[in-house]
Amino acid sequence: MKAKDIALPEFLNGPKQFLVPIFQRDYSWGLKHCEQLWNDVERIGNDPKAMGHFLGSVVYIAAEDTMAGMPRWLVIDGQQRLTTVTLLLIAVREKLLQHAADDSLPSHEQLDDNFLRNRYAKSDRRYRLVLRNADQTTLAAMLDQAPMPAVTSVRLCENLEYFREKLTGSNLSGIYGGIS
């Protein structure tokens, strides 16, 4: 095994896909986990002396030959963290849609292309993160800004709403800086 210290934007950026295998549990993080992530992001983003923050590890292995097209990775550990960060990024993308142009922030399209979706990929490969079936339809609707399915993942919906509420009145540049 080889461990690397990689900044979140570098980890997520570029055409790739992270797949949560069927043997992993469904998304289960609650509001206390989201609150801890939010507090860490807000603290690091608003502290000019901060050098970074250890978000936690993500362990993954190649799902297939990574030389043939877009690399796909099976997430062995860290799927709860990766999913929660994705929800935060979705909420930030929504806020960027409403936000006046600001050179310190990416556009909502840039955020989408860099961290959430693979723009030119087809079908399910267009999503940077693919969860287990029970959660994926909800996450796909969130990523595509489409209507929610008849049966939704309650945790995904609650946690996205939490981040939406926290972003109301927050320093968006500081939050994006904390993510970066």
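Further up the page is the structure itself.
Our subject in this report is the structure included herewith. The structure presented is a predicted model; accordingly, all values stated were derived computationally and were not measured. (Residues numbered from 1 in each chain as written. Predicted model: local features only at pLDDT ≥ 70, side-chain atom pairs only at ≥ 80, totals over all residues. Heavy atoms only, no water.)

1. Looking at the nonpolar core
- Formed by 43 residues in total, the largest nonpolar core has its most connected members in Leu12, Leu87, Val92 and Phe163.
- For this core, the element with the highest residue contribution is helix α3 (residues 79-98), accounting for nine residues.
- With near-sequence residues (within four places) excluded, leucine 87 lies in contact with Tyr27, Leu139, Met142, Leu156, Asn159, Leu160 and Phe163. (Core = buried A, V, L, I, M, F, W, Y, C linked by side-chain atoms within 4.5 Å. Buried < 20%, exposed > 50% of the residue type's maximum accessible area, 1.4 Å probe, protein only. Helix = DSSP H or I, 4+ residues; strand = E, 2+ residues; numbered from the N terminus. Contact = heavy atoms within 4.5 Å.)

2. Thoughts on unusual backbone geometry
- With phi around 50°, serine 123 is a residue other than glycine that occupies positive phi space.
- By secondary structure assignment, the location of serine 123 is in the loop between α4 (108-116) and β4 (129-130).
- Phi at glutamine 145 is positive, roughly 55°, even though this residue is not glycine.
- Topologically, glutamine 145 is positioned in the loop between α5 (133-144) and α6 (154-167).
- Exposure remark for glutamine 145: the relative accessible area of 47% places this residue in the partly exposed category.

3. What about helix α7 (residues 172-179)?
- Among the eight residues that make up α7, six are buried, leaving the element largely enclosed by the rest of the structure.
- Among the residues of α7, those classed as buried are Leu172, Gly174, Ile175, Tyr176, Gly178 and Ile179.
- Two or three places before serine 173, at the start of α7, stands the capping residue asparagine 171, its side-chain oxygen 3.1 Å from that residue's backbone nitrogen. (Polar contact = N/O pair within 3.5 Å; in protein donor to acceptor, adjacent residues only side chain to side chain.)

4. A few points about the environment of aspartate 113
- Note on placement: aspartate 113 falls in helix α4.
- Owing to a relative accessible area of 25%, aspartate 113 belongs among the partly exposed residues under this scheme.
- Residues aspartate 113 and proline 15, 98 residues apart in the sequence, show an inter-C-alpha distance of 8.8 Å.
- Those residues in contact with aspartate 113, other than ones at most four positions away along the chain, are Arg119 and Arg128.

5. Some thoughts on the side chain of glutamine 80
- With respect to the secondary-structure elements, glutamine 80 resides in helix α3.
- Within the structure, glutamine 80 has its side chain in polar contact with the backbone nitrogen of serine 28 (distance 2.8 Å).
- Those residues in contact with glutamine 80 that lie beyond four places of it in its chain are Arg25, Asp26, Tyr27, Ser28 and Trp29.

6. Comments concerning the pattern of salt bridges
- The full count for this structure, using the stated rule, is 10 salt bridges.
- Residue aspartate 124 is joined to arginine 72 by a salt bridge in which the shortest nitrogen-to-oxygen separation is 3.9 Å. Of this pair, aspartate 124 sits in the loop between α4 and β4 while arginine 72 sits in strand β3 (residues 72-77), placing them 52 residues apart in sequence.
- For aspartate 124, a relative accessible area of 38% translates into the label partly exposed.
- The salt bridge involving glutamate 94 is made with arginine 164; its shortest N-O contact spans 2.7 Å. Linking glutamate 94 in helix α3 with arginine 164 in helix α6, this pair joins segments that are 70 residues apart in sequence.
- The class for glutamate 94 is buried, based on a relative accessible area of 17%.
- Arginine 164 gets classed as partly exposed once you look at its relative accessible area, which sits at 33%.
- Through salt bridges that share partners, Arg93, Asp112, Arg117, Arg126 and Asp144 make up one connected network. (Salt bridge = Lys/Arg side-chain N within 4 Å of Asp/Glu carboxyl O.)

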